[in-house]
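# Overview (structure and organization)
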Amino acid sequence: MTQVDALPLVSVIVVNYRRPADTIACLRALRAELDYPPELLEILCVDNASNDDSVEWIKAALPDGDIRLITSAENRGFAGGCNLAAEQARGSVLALLNNDARPHRSWVRAAVDVLHAEPSVASVASKVVNWHGDSVDFVDGGLTWFGMGYKRHAEIPLDELPDTEHDRRKDVLFGSGSALFVRAGAFTELGGFDERFFMFYEDVDLGWRLNLRGWRVRYVPDSIAYHRHHATVSEVDSADAGRETYLLERNGLATLYKNLSKETLDKVLPAALSLTVRRATARGELDPHQLDLEHTGGPAQTQPVAVPRSALAGVLAVDQFVQQLPALGADREVVQANRSRTDTDLLPLMRNALEPAYPLPRYLEAHDILVEAFGIADVFGKRRRILVITGDALTQRMAGPAIRAWNIADVLSAEHEVRLVTVNPSCAPPPASFPVSAAKRAELDEPIEWADIVLLQGHVLEMAPALKKEHSNKIVVCDLYDPMHLELLEQGRGEADDRRLADLIGVTKVIDAQLERGDFFLCASARQRHFWLGHLAALGRITPRLYDADPSMRSLLAVAPFGLPAEPPSRTGPGIRGSIPGIADGDHIVLWAGGVYSWFDPLTLVRAISTLRERRPDVRLVFLGMRHPNPEVATMDTGERTRELADSLGLTDKHVFFNENWVPYAERQNWLMDADCGVTTHFEHVETTFAFRTRVLDYLWSGLPIVTTDGDAFADVVRAEQLGVVVPAEDPDALADALEKALYDTEFARSCRERMSVVAQRFTWQNALAPLLEFCRDARPAADRLAGAEPLTVSKPLRGTELLRRDLALMREYLSDGGPGELARRAGGRVRRLAGQMVKRRERGNG
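Nothing here was measured: the structure is a model prediction, and the numbers come from that model. (Residues numbered from 1 in each chain as written. Predicted model: local features only at pLDDT ≥ 70, side-chain atom pairs only at ≥ 80, totals over all residues. Heavy atoms only, no water.)

## Things to note about a negative patch on the surface
What counts, and what does not: Surface patches are defined over residues having more than 30% relative accessible area and no salt bridge, joining like charges when they lie within 9 Å and nonpolar side chains (Val, Leu, Ile, Met, Phe, Trp, Tyr) when within 5 Å. Using a 1.4 Å probe, accessible areas were evaluated by the Shrake-Rupley method; residue-level cover was limited to the displayed protein chains. By definition here, a salt bridge exists when the distance from a side-chain nitrogen of Lys or Arg to a carboxyl oxygen of Asp or Glu is within 4 Å. When charges are counted, Lys and Arg are positive and Asp and Glu negative, with His and the chain ends excluded. For this purpose, a charge sits on NZ of Lys, CZ of Arg, CG of Asp or CD of Glu. Secondary structure follows DSSP: runs of H or I at least 4 residues long count as helices, runs of E at least 2 residues long count as strands, and numbering of each begins at the N terminus.
On the surface, Glu640, Glu644, Asp647 and Asp653 cluster together to form a negatively charged patch. Inspection of the secondary structure assignment puts Asp653 in the loop between α23 (637–648) and β22 (656–658).

## A few points about the nonpolar core
Taken as a class, soluble globular proteins show a tendency for nonpolar side chains to be buried jointly. How we decide: We define a nonpolar core as any set of buried Ala, Val, Leu, Ile, Met, Phe, Trp, Tyr and Cys residues linked to one another through side-chain atoms lying within 4.5 Å. When a residue's accessible area, from a 1.4 Å probe over protein chains only, is under 20% of the maximum for its type it is buried; when over 50% it is exposed; and in between it is partly exposed. Residues count as neighbours in contact if any of their non-hydrogen atoms are within 4.5 Å of one another.
By size, the foremost hydrophobic cluster in this structure holds 119 residues, and its most contacted members are Val10, Leu30, Trp107 and Trp145. Excluding anything up to four places from it in sequence, Leu30 contacts Val12, Val14, Leu41, Ile43, Leu97, Pro103 and Trp107. Within the second largest apolar cluster, 64 residues are counted, among which are Val418, Tyr481, Phe562 and Trp765.

## What to know about the environment of Arg693
Among the structural elements, Arg693 can be located in the loop between α25 (686–690) and α26 (695–702). Assessed through its relative accessible area of 3%, Arg693 is described here as buried. Separated by 291 residues in the primary sequence, Arg693 and Ala402 have C-alpha atoms spaced 15 Å apart.

## Notes on the sheet that holds strand β21 (residues 619–623)
Inclusion rule: One requirement defines pairing of two strands: DSSP has to find at least two bridges between them. Fitting a line to C-alpha atoms yields each axis, with helices limited to the stretch in contact; the angle taken between N-to-C directions then spans 0 to 180 degrees.
Ordered in space as β22-β21-β20-β23-β24-β25, the 6 strands form an open sheet in which the pairing is parallel. Each of the sheet's edge strands pairs with one partner strand only, and the pair in question is β22 and β25 (724–727). Shown here is a sheet whose adjacent strand axes are inclined to one another by a mean of 20°, direction ignored. As judged from the 3 bridges shared by β21 and β22, these two strands associate in the parallel manner. Counted as the bridge partner of Leu621 is Val656 from β22.

## Structural notes on helix α27 (residues 713–721)
When we look at burial in α27, the residues that qualify are Ala713, Phe714, Ala715, Val717 and Val718. Looking at the buried residues of α27, the elements they touch are α19 (526–538), α26, β24 (706–709) and β25. The first or second residue beyond α27 is Gln722, which carries a positive phi of 55°.

## Observations regarding the packing of helix α9 (residues 262–283) against helix α10 (residues 309–338)
Selection rule: Roughly parallel means an angle under 35 degrees; roughly antiparallel means over 145; roughly perpendicular covers 65 to 115; every other angle is labelled oblique. Whether a crossing is left-handed or right-handed is set by the direction in which the near helix is turned from the far one by less than a right angle, anticlockwise for left-handed and clockwise for right-handed.
Where α9 meets α10, the axes come as close as 7 Å, and the angle between the chain directions of the two elements is 160°. By the angle class used here, α9 and α10 are roughly antiparallel. Note that α9 runs across α10; the crossing there is right-handed. Each of Lys262, Leu265, Leu269, Leu273, Thr276, Ala280 and Arg283 in α9 lies in contact with α10, whose residues at this interface are Ser310, Ala311, Gly314, Val315, Val318, Phe321 and Arg332.

## Points about a nonpolar patch on the surface
Together, Val305, Val307, Leu312, Val315 and Leu316 give the surface a local cluster of nonpolar side chains, amounting to about 390 Å² of exposed area. Note on placement: Val315 falls in helix α10.

## Some words on the pairing of strand β14 (residues 417–422)
So the rule is basically this: We call a crossover right-handed when, viewed with the strands running away from us, the connection from the first strand over the helix to the second turns clockwise.
Pairing of strand β13 (residues 385–390) with β14, which is carried by 6 bridges, proceeds in the parallel orientation. Its bridge partner being in β14, Leu387 is matched across the sheet by Arg419. In this fold, β13 hands off to helix α14 (residues 400–412), which returns the chain to β14; that crossover is right-handed. In terms of strand pairing, β14 meets strand β15 (residues 436–438) through 3 bridges, oriented parallel. Across the sheet, residue Thr422 finds its bridge partner in β15, namely Ala438.

## Concerning the pattern of salt bridges
If you walk through the whole model with that rule in mind, you get 62 salt bridges. Its salt-bridge partner being Arg152, residue Asp140 comes within 2.8 Å of it at the nearest N-O pair. Here Asp140, found in the loop between β7 (136–138) and β8 (141–143), pairs with Arg152, found in the loop between β9 (149–151) and α5 (163–166); they are 12 residues apart in sequence, far enough to count as distant. Note on Asp140: relative accessible area 2%, which makes it buried.

## Quick word on the side chain of Asn99
Note the cut-off: Residues adjacent in sequence count toward polar contacts only when both atoms are side-chain atoms; beyond that, a polar contact is any pair of N or O atoms within 3.5 Å, and within protein one must be able to donate a hydrogen and the other to accept it.
Along the polypeptide, Asn99 turns up in the loop between β4 (93–97) and β5 (101–103). Its relative accessible area of 3% is what places Asn99 among the buried residues. In terms of polar contacts, Asn99 uses its side chain to reach the side chain of Thr23, at 3.0 Å.

## Concerning the sheet that holds β14
Read across the sheet, 7 strands follow the order β15-β14-β13-β16-β17-β18-β19 without closing on themselves; strand pairing throughout is parallel. The open sheet is flanked by β15 and β19 (557–559), the only strands paired with a single partner. Adjacent strand axes in the sheet meet at a mean angle of 20°, parallel and antiparallel pairs treated alike. Of the strands in this sheet, β13, β16 (453–457), β17 (475–479), β18 (520–523) and β19 are in contact with helix α31 (residues 770–777), which crosses β18 at around 170°.

## A short note on the packing of helix α1 (residues 20–32) against helix α2 (residues 54–61)
Two elements in contact, α1 and α2, have axes whose closest approach is 9 Å; the angle formed by their N-to-C orientations is 30°. Here α1 lies roughly parallel to α2, going by the angle between them. Crossing of α1 over α2 shows right-handed handedness. For the pair formed by α1 and α2, the contact residues are Pro20, Ala21, Thr23, Ile24, Leu27 and Arg28 on the first element and Ser54, Trp57, Ile58 and Ala61 on the second.

Below is the structure:
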């Protein structure tokens, strides 16, 4: 339970229209019965132009200062009355309560506890029961495809419902406006209730819009209210008057129009309008053939036809929906421009979108016809659109970033509609089950606009400024598996000091921009996760709001290592032995799979091979690819120095072989299957500590015993799982011994392969990317990027004696630290700050 000193000010809003007795009872209950500090409850009562003695009754019944009574000059309906009070409310939480309802003791406290504990929750839907507390008013909301929001299980006795339906917290599309909490900042950001609705469905529309923004609406069964359903409506409507029916029909269409995506709306709206007309004629039991010449021969009939109000309501609702379209269209543009979630994302919250809802035979017949004719059942099953953007070359010969982007796209495409785009000019990809293309910077707007989720690597964010905007509604996933600023520390050796520093600052800014913008981050290992958490903390991204949403931070930053195929490798063509002259069938091959970069140590490896050849003359070392497939990757001198060393030791083309061109990705298994062990060697430095050597996954996939230098994440795996030998950095003798063991100790190699078959399953792409798959199934903006997110509580400013004590203590501290000069400096600084604040307030007032 939230501590009292951390509780927010809650502004409770009650709207009265010609039922002062109910309203007074409600207001008294709010003051007398709640388990919440009275000083943190602001109660606002709006009289909606009752034009009776309501205001006098309320004033006489409640002491001055107990409530704030707001009188409206016109009846603005429930929606407008709530908005009027919200504009004047001081609380960070708005609590709406119908005047014909009364709160349970825990009504406010239970809701506030959830808003505190779950920062991604914008609104709490209370459990609403009948006046006696034994049957359902609201415990869940549903929405039909034609726009009817409804209360699931309404009027069913509670003891006939499973606990799972009414007594457990759950996310809902909307809460009932009869008892609803909403963060004031989020309510304001969304413009409050749509006052065109007047009453009915304004709560459905608000909840839908909150969900589209990425907020959650949470049903909390401990927050209970008791409700006399429709007590206020009975003042202005009756069962046969048609007024409620008219508002429900019109507002349902308006809700659909505002909140559905264009693709869904194009299919749904014509069918919904048609169904509204059929519902009206079925409700009024109108003869559908009375104007049909085929069924009504004889003289023309001109006398008026009696139309029940229940039927007229539907027709007039369509008429006025059309009249409101220009204004609704403007609001729709805002909703659609700021949405971050898809119609498919919200489908589970609709519960049963194909629910026909009305048990009228002619209506049910039309419902089924329209669902079939317009393909409604397929509309809401549309897959999410995910754009994967890499900066690496997508060709037959791919390096690590491209391989990772390719497999991310492949795995996601099983559940979503995926496009893979590279901003690299080299794009000649192998066949794929998803679209693959290249795009220049100016061409990225179209695929980004198309996507619901954008996953990016490397420098891509710098090429997509639209994604960097503070209010960009796209959900952005940043793949941080490559700490490129740490690589640059090694790669930049030999550059001029000023250039090296400038390059590092530039790359670090690129990474900072991603960390400040992303909604979800991927890294390759637990070590990397700790590194990136530190970086996020240093940037100020790990805030109380994010921490409260998920103290583990796993919903923000997840480990998704490089992966390997689920199927074991199978030969499709020649490999090392058929491609490189000088290697015989009986030779023992050490494979260096991947590029030769500055942060690796191939020189120690070449020296180890020179040592090992003295006792094992059939040892062969093969470098799989010397020339990087991405022409934008600068050539590093490490490769040339490796060649020079091999030449000087007389090893080139005898014991050490350099394959110049990168092996096509789809053919790498042929080379791996010819090898006897895989090797990776590096230096002991910070890049190694946080690196994830992706080439080791290929060794694991093909069952090659692994020899690796200590210090990186995979060395820990090799050591713990006994997949090979781990050696110290820059120790050629230890490395030679390890290679000999992996190559010539057949029992050791066999045991390594046995364990690899088990460990490899953990690293299949499907398993490695499981956190990404889970996120994309219910993708939301990060909790600190939600529109209208504001603090629930703020510190009380010091006043009077407390302020004086604080200032005296500071004076003593400043005098102790630096004497009168320090005191004068501090006092001058405060004066300047206060003067600056006064200038800003004056400027805002003039503006």
